[in-house]
Amino acid sequence: MPKQPQYEIFAIGFILLWMSFPIAARFLSYTLVKHGKVIEQEGRLLLRQVARRTWHYFETFVGPDDNWLPPDNHQIFPQPVTAHRTSPTNIGLYLLSLMTARDFGYVTTSKFIDLLKLTLATMEKLELYEGHFLNWYDTNSLAALNPKYVSTVDSGNLAGYLVTAREACLEIHKSFVLDSKITQGLEDSVHVIESELSATKSNNPELLSELKTLKNLLKKPVADTFSDWKKFFNVAHKSFENFKENLRNSNDISCWVDACLIQLTEAQSNIATLAP
């Protein structure tokens, strides 16, 4: 019977491939080493300021007038105009920002829960199509906007954000009522205030002195007892009030101070409830 070389070549190739399986398996089982890049302190401060400014948009515009849904955008120039419409992606981004705000210390855990419940309650009122959210809603009336359609992109985005929100909720029981995150969050706000103040080229000595007092106060560690936190919040609240009194009608900065005062009031309320 004549030889058929092509079959021999095929068989040899198959045998060599089979013999290489252990080598391939060993290669695939190696643990990948991730080489992360350490962000310098200056870069970290900048990123946290960006995060604080981003949350400021949501804490400013997400409220009862818009049924606790995020408006699509806010135009500043030439005239301030808010677009009172939202989409599934906008809602999902707000939920993600809310989770981040809690992680970064911009809201307390109780505030996070309250805001999340308000938005989810509104979502239950929205018109659906076969279980899917439509692409645009009026945030004032909650009516679906024409033309009504379902976006696979927006629906997919919202689904991913909701899964993330679920995981955040499942981890709540592991968190402390109060921890150093809140001082870090306040410190981010103070850095934003300092940046805004620098842009105004203010040389008010009393204002600069109060700002220095705030920065020093927030850098000090607070002992993990309710009584120590209570003292800290009282001192911090008074310091922010003193700072605001010296602002001289600077609305761009006073709104940041007000945000800090609101955050401190919420934290004080938590202590009054849990440790009266």
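Below: a short report on this structure. Because the structure is predicted, anything quoted here is derived from the model rather than measured.

Focus on the overall build of the protein
Here comes step 1: A count of helices and strands for the protein gives 10 helices and 6 strands.
Here comes step 2: For 276 residues, the compact-globule formula gives about 19 Å, and the C-alpha radius of gyration of the protein, at 27 Å, lies well above that figure.
Here comes step 3: If you line up the protein on its principal axes, its C-alpha atoms span 105 × 50 × 45 Å.
Here comes step 4: If you take every contact in the protein between residues at least 6 apart in sequence, the share linking residues at least 24 apart comes to 64%.
Here comes step 5: Of the roughly 17600 Å² of accessible surface on the protein, 60% is carried by carbon and sulfur atoms.

So, the packing of aromatic side chains
Here comes step 1: Considering all chains together, one arrives at 9 aromatic pairs under this definition.
Here comes step 2: Aromatic side chains Trp-55 and Tyr-94 sit 6.3 Å apart centroid to centroid with 10 degrees between the ring planes, which places their arrangement in the stacked category. Of this pair, Trp-55 sits in helix α3 (residues 41-61) while Tyr-94 sits in helix α4 (residues 88-104); the two residues are 39 residues apart in sequence, bridging distant segments of the chain.
Here comes step 3: Note on Tyr-94: relative accessible area 1%, which makes it buried.
Here comes step 4: Ring geometry for Tyr-57 and Phe-61: centres 4.9 Å apart, planes at 40 degrees, overall tilted. Linking Tyr-57 with Phe-61, this pair stays in helix α3, spanning 4 residues, or about one helical turn.
Here comes step 5: Among the aromatic side chains, those forming a connected cluster through ring pairs are Trp-55, Tyr-57, Phe-58, Phe-61 and Tyr-94.
Here comes step 6: Directly above the aromatic system of Phe-104 lies the positively charged group of Arg-48, at a separation of 4.6 Å from the ring centroid.
Here comes step 7: Over the aromatic face of Trp-136 sits the side chain of Arg-85, whose NZ or CZ is 5.7 Å from the ring centroid.

Considerations on the pattern of salt bridges
Here comes step 1: What the rule picks out here adds up to 10 salt bridges.
Here comes step 2: Residue Glu-59 is joined to Arg-52 by a salt bridge in which the shortest nitrogen-to-oxygen separation is 3.0 Å.
Here comes step 3: Between Arg-53 and Glu-196 there is a salt bridge whose closest N-O contact spans 2.9 Å. One end of the pair, Arg-53, is in helix α3; the other, Glu-196, is in helix α7 (residues 181-200), with 143 residues separating them in the sequence.
Here comes step 4: Residue classification places Arg-53 among the partly exposed residues on the basis of a relative accessible area of 31%.

Topic: a nonpolar patch on the surface
Here comes step 1: Judged by side-chain polarity, Ile-12, Phe-14, Ile-15, Leu-16, Leu-17, Trp-18, Met-19 and Phe-21 come together as a nonpolar surface patch covering roughly 910 Å² of accessible area.
Here comes step 2: It is helix α1 (residues 5-19) that provides the largest number of residues to the nonpolar patch, a total of 7 residues.
Here comes step 3: By secondary structure assignment, the location of Phe-21 is in helix α2 (residues 21-28).

Quick word on the side chain of Arg-48
Here comes step 1: With respect to the secondary-structure elements, Arg-48 resides in helix α3.
Here comes step 2: Only 2.7 Å separates the side chain of Arg-48 from the side chain of Asp-188, close enough to count as a polar contact.

Side note on helix α8 (residues 205-219)
Here comes step 1: With 15 residues, α8 ought to run about 21 Å at 1.5 Å a step, and its terminal C-alpha atoms sit 21 Å apart, in line with that.
Here comes step 2: Residues Leu-207, Glu-210, Leu-211, Leu-214, Leu-217 and Leu-218 constitute the buried set of α8. Along α8, the residues classed as buried sweep out an arc of 125 degrees about the axis, all on the same side. Turned more than 90 degrees off the buried face of α8, the exposed positions are Pro-205, Lys-212 and Lys-219.
Here comes step 3: As for α8, its buried residues are in contact with α7 and α9 (226-245).

What counts and what doesn't
- Positions within a chain are numbered from 1, following the residues in the order the chain's sequence is written.
- Two thresholds apply to this predicted model, a pLDDT of at least 70 for residue-level local features and 80 or more for giving and counting side-chain atom pairs, whereas whole-chain, interface and lining totals are computed over all residues.
- Each side-chain value is derived from all of the structure's non-hydrogen atoms; neither hydrogens nor water enter the calculation.
- In this text, helices come from DSSP runs of H or I with a minimum length of four residues, and strands from runs of E with a minimum of two, each type numbered from the N-terminal end.
- With the radius of gyration taken over C-alpha atoms, the globule rule is written as 2.2 Å times the number of residues to the power 0.38.
- Note on contacts: a residue pair qualifies if any of its non-hydrogen atoms lie within 4.5 Å across the two residues.
- Surface accessibility in these figures is a Shrake-Rupley result with a 1.4 Å probe; residues are shielded only by whichever protein chains are displayed.
- Only the six-membered ring of Trp is used, alongside the rings of Phe and Tyr, when aromatic pairs are assigned; centres must lie within 6.5 Å, and planes under 30 degrees apart are stacked while those over 60 apart are edge-to-face, with the rest tilted.
- Think of it in three bands: with a 1.4 Å probe and only protein chains considered, a residue is buried below 20% of the maximum accessible area for its type, exposed above 50%, and partly exposed in between.
- By definition here, charges over rings are those cases where NZ of Lys or CZ of Arg is within 6 Å of the ring centre and within 35 degrees of the ring normal.
- Every case where a carboxyl oxygen of Asp or Glu lies within 4 Å of a side-chain nitrogen of Lys or Arg is listed as a salt bridge.
- Put simply, a patch holds well-exposed residues, over 30% relative accessible area, that have no salt bridge, with like charges counted together within 9 Å and Val, Leu, Ile, Met, Phe, Trp or Tyr side chains within 5 Å.
- Here a polar contact is recorded for every N or O atom pair within 3.5 Å, except that within protein the pair must consist of a potential hydrogen donor and a potential acceptor, and residues adjacent in sequence are included only if both atoms are side-chain atoms.
- Each residue after the first adds 1.5 Å to the expected span of a helix.
- Note: the arc covers the axis-to-C-beta directions of the helix.

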